[in-house]
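As a plain string of letters, each chain reads:
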Amino acid sequence: MINIKINMVVPCNNFIEHAFETFKEHNQSETTDRINDEVIQYELEEIIANGEDLRTLKLDADVIMSRGITCQILKESNQKIPIVDIPVQGLDLIRCLYDCKSRFGNKKVGVIGSTNMIYGVEELTDIVGLSIKSFIMNNISESPSLVDKAASEGCEIILAGIVTCDYANKKGLHASIIRTGKESFRQSLSEAKRLALVSRREQEKTQLYQTILNYAYEGVIAIDKKDKITAFNTAAKETLSITNKKLIGSSVYDVVGQGKLRALLLNTEEYTEDIVIYQSIQLAVKKIGIFLKGERVGNMVAFQDVTGIQAMERKIRKKMHLRGHIAKHTFDDILHRSSLVKEVIETAKSFSEVESNILIVGETGTGKEVFAQSIHNHSNRKHGPFVAINCAALPDNLLESELFGYVEGAFTGAMKGGKPGFFELAHGGTIFLDEIGEISPQLQSRLLRVLQEREIMRIGDDKVIPTDVRVLSATNKNLLHLVKAAEFREDLYYRLDVLKITLPPLRQRKEDVPLLINAFIHEGFSPAERSIITDEAIKWLSEWRWEGNIRQLKNFCERLIVLSKDKVIDTKDVKNWLEGSSLEMNEREEEQSQTRFPNAELSEREKILNILKHVNYNKGKAALKLGISRTTLWRKLKEYNLETN
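Residues numbered from 1 in each chain as written. Predicted model: local features only at pLDDT ≥ 70, side-chain atom pairs only at ≥ 80, totals over all residues. Heavy atoms only, no water.

Draft legend 1. Focus on the confidence of the model for the protein chain. The pLDDT averaged across the protein chain works out to 85; a share of 90% of its residues lies at or above 70. In this model, residues 582–600 is a region of pLDDT below 50 whose contacts with residues beyond four sequence positions or in other chains number 29 contacts. (pLDDT = per-residue confidence, 0-100. Contact = heavy atoms within 4.5 Å.)

Draft legend 2. Fine view of unusual backbone geometry. Although it is not a glycine, Asn-14 sits at a positive phi angle of roughly 55°. Summarising the element assignment, Asn-14 is placed in the loop between strand S1 (2–10) and helix H1 (19–29). With phi around 55°, Arg-454 is a residue other than glycine that occupies positive phi space. Arg-454 gets classed as partly exposed once you look at its relative accessible area, which sits at 33%. (Helix = DSSP H or I, 4+ residues; strand = E, 2+ residues; numbered from the N terminus. Buried < 20%, exposed > 50% of the residue type's maximum accessible area, 1.4 Å probe, protein only.)

Draft legend 3. A look at the packing of aromatic side chains. Summed over the entire model, instances satisfying the criterion amount to seven aromatic pairs. Between Phe-331 and Phe-371, the ring centres sit 6.4 Å apart and the planes meet at 70°, which makes this aromatic pair edge-to-face. Here Phe-331 is found in the loop between helix H12 (306–319) and helix H13 (339–352), whereas its partner Phe-371 is found in helix H14 (residues 368–377), with 40 residues between them in sequence. Judged by relative accessible area, Phe-331 falls into the buried class, the value being 7%. Ring geometry for Tyr-493 and Tyr-494: centres 5.0 Å apart, planes at 65°, overall edge-to-face. With a relative accessible area of 5%, Tyr-493 lands in the buried category. Taking the relative accessible area as the measure of exposure, Tyr-494 reaches 47% and is therefore partly exposed. Through successive ring pairs, a cluster of aromatic residues spans Trp-540, Trp-544, Trp-546 and Phe-556. (Phe/Tyr/Trp six-rings, centres within 6.5 Å; stacked < 30°, edge-to-face > 60°.)

Draft legend 4. Representation of the packing of helix H26 (residues 619–626) against helix H27 (residues 630–639). One way to put it is that H26 packs onto H27 with a least axis distance of 9 Å and a crossing angle of 100°. By the angle class used here, H26 and H27 are roughly perpendicular. For the pair H26 and H27, contact is made by Lys-619, Gly-620, Ala-622, Ala-623 and Leu-626 and by Arg-630, Leu-633, Trp-634 and Leu-637, respectively. Class assignment for the residues of the contact of H26 with H27 results in six nonpolar, one polar and two charged. (Axes fitted to C-alpha atoms, helices over the stretch in contact; angles between N-to-C directions. Parallel < 35°, antiparallel > 145°, perpendicular 65-115°, else oblique. Nonpolar A, V, L, I, M, F, W, Y, C, P; charged D, E, K, R; others polar.)

Draft legend 5. Structural detail: the sheet that holds strand S22 (residues 470–475). Across the sheet, five strands lie side by side as S16-S19-S22-S15-S23; this open sheet has parallel pairing. Each edge of the open sheet carries a strand with a single partner, namely strand S16 (386–390) and strand S23 (499–502). On average, each strand axis in the sheet is inclined to that of its neighbour by 15°, with strand direction left out of account. Relative to strand S19 (residues 430–434), S16 is paired through five bridges, and the arrangement is parallel. Bridging across to S19, Phe-386 finds its partner in Thr-430. Lying over the sheet, H14 contacts strand S15 (358–361), S16, S19, S22 and S23, oriented at roughly 150° with respect to S15. (Pairing = 2+ DSSP bridges.)

Draft legend 6. Representation of the nonpolar core in the model. Counting residues in each nonpolar core, the largest one holds 48 residues, and the members touching the most others are Ile-6, Met-8, Val-9, Ile-16, Met-65, Ile-112 and Phe-185. A per-element tally of this core places S1 first, with six residues. Ignoring sequence-local partners within four residues, the contact set of Val-9 consists of Ile-47, Ala-49, Leu-54, Leu-57, Leu-59, Ile-64, Met-65, Ser-66, Thr-70 and Leu-74. Within the second largest apolar cluster, 32 residues are counted, among which are Phe-404, Leu-447, Ile-456 and Tyr-493. (Core = buried A, V, L, I, M, F, W, Y, C linked by side-chain atoms within 4.5 Å.)

Draft legend 7. How the structure looks around the packing of helix H25 (residues 604–614) against H26. As a packed pair, H25 and H26 sit with axes 9 Å apart at the nearest point and diverge in direction by 130°. Of the possible angle classes, the one that applies to H25 and H26 is oblique. Judged by the sense of rotation from one axis to the other, the crossing of H25 with H26 is right-handed. Seen from H25, the contacting residues are Ile-608, Ile-611, Leu-612 and His-614; seen from H26, they are Ala-622, Lys-625 and Leu-626. Its residues assigned to classes, the contact of H25 with H26 comprises five nonpolar, one polar and one charged. (Left-handed = near helix turned anticlockwise from the far one by under 90°.)

This is how it looks when you write it as structure tokens:
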């Protein structure tokens, strides 16, 4: 239910006779009003006020009803609430004049009141049989002088409002208050309700309009034909650092400083987009004309701080990363005791603090992506996205579309609406290109352009998109050798290899192996569920070469936990499950195992092929038995031309 309050402002109690009785009858007789299917309930409240109090009166209502000078003063005091004038109709005046005649006899009557109350009253002379003289009152302060004037012109009866009648009585004149009849009040009540409904709907529209404006990201300023401000939202105040509370109705010259922004508001161009400077703030501005029935009635500008646009763009890009492009690891996650790894971490931290591209070099499984994520999280870009892609895991055409994106219809199967590439998704953050040495010459050329121009172009498009991306790349190959063999572009190599981090293999940091083993074996288990590995088993594992490095060690520890029957893992368990888990065994073990492991003399290609056959070409199981990742397996299958469906 919607409550609509009507304030009836009068100079004294019961000034309008039968007002509340008429109000009740009106509510019962009228059809139920509704707004948006909600029933409306009306409330009438009488407010007593007169004189100067009217000019400072604070009212909280949907509509105001009043009469005569009181109504006139309320309107002049610029009340924002709509005001309905309670009329004094000819019938009301006739009744009042007959009443004066019956009470005071056939004497001359001076009728004093505002124009809207007594206009044309002298024409009633013949109807009521009285001599009538009207005196128009524009201000309540004129009341005494008008009574005196009426008396000087022979008027013995004063028909007027309550204040004027009081003065007339004091002067010894007969006086009678002009009364509003039920018909007139009922008519004004209908108008008050109608106006209240219109006002309510307009208020809802205005509030909706103002809420939309205030919560818009763009600043909005509008002016009318007289250069007065008609709209000025919260974003505009904040962007332009304007603290004035009352802006609507002010001259644009008093609010917006001199410059191009004000000039755009004032000129007659219908539409324009521009970058303007306002008090050292760079604004992206759109300007349009406001037209009504083909006539220009004002202008509007919408604008944003360019810095804010960039920040919002980064925020949107980050929220659009449905695949979770974030860096999870920090340097604290890199388990180590060796001074060698400590030195590498210190170097990586210092590299993190600059914007230069970094090339991370290391064997398979040495933790290149962990270092890349740690560098990102230690850098000024840590609040931006971290986007990683393995360049060896995808064929050239798919890798190109993933890196650079494409527009709708760029190729068969392209998504409707196109798709942003990883460089776009990494805007404001870091992109990590793993196994960079595997990309084709064509992609090398496109990548070089991105690094040089800091912009990308989607497949099938002719528009360039600026990107702010730091590039981290990684490889387990010697890129310089590839450059000399003409397999890798020299100019791209030097773009990538601005700063270099070389990760040591696990065999060069054996003091870290026990720490890693204990971490991997206990990972994800409560103290009651954890397995225990003996010191002898750890010592034996520390001597292993771990050609797959940390990844191979972690996979092996997982295998130990799954396959071990007891909670205590000893040397016997280690030896049982380590055999055949690596493509290249420790040299000492390899010499002792030739008779038992004939595959040890086979080439790497043959070993992979044999294991694939053994696991019925299940690549997941093959990678596990080989002690390498699926990505490395895919790369080796491609390298040895063993690709299978």
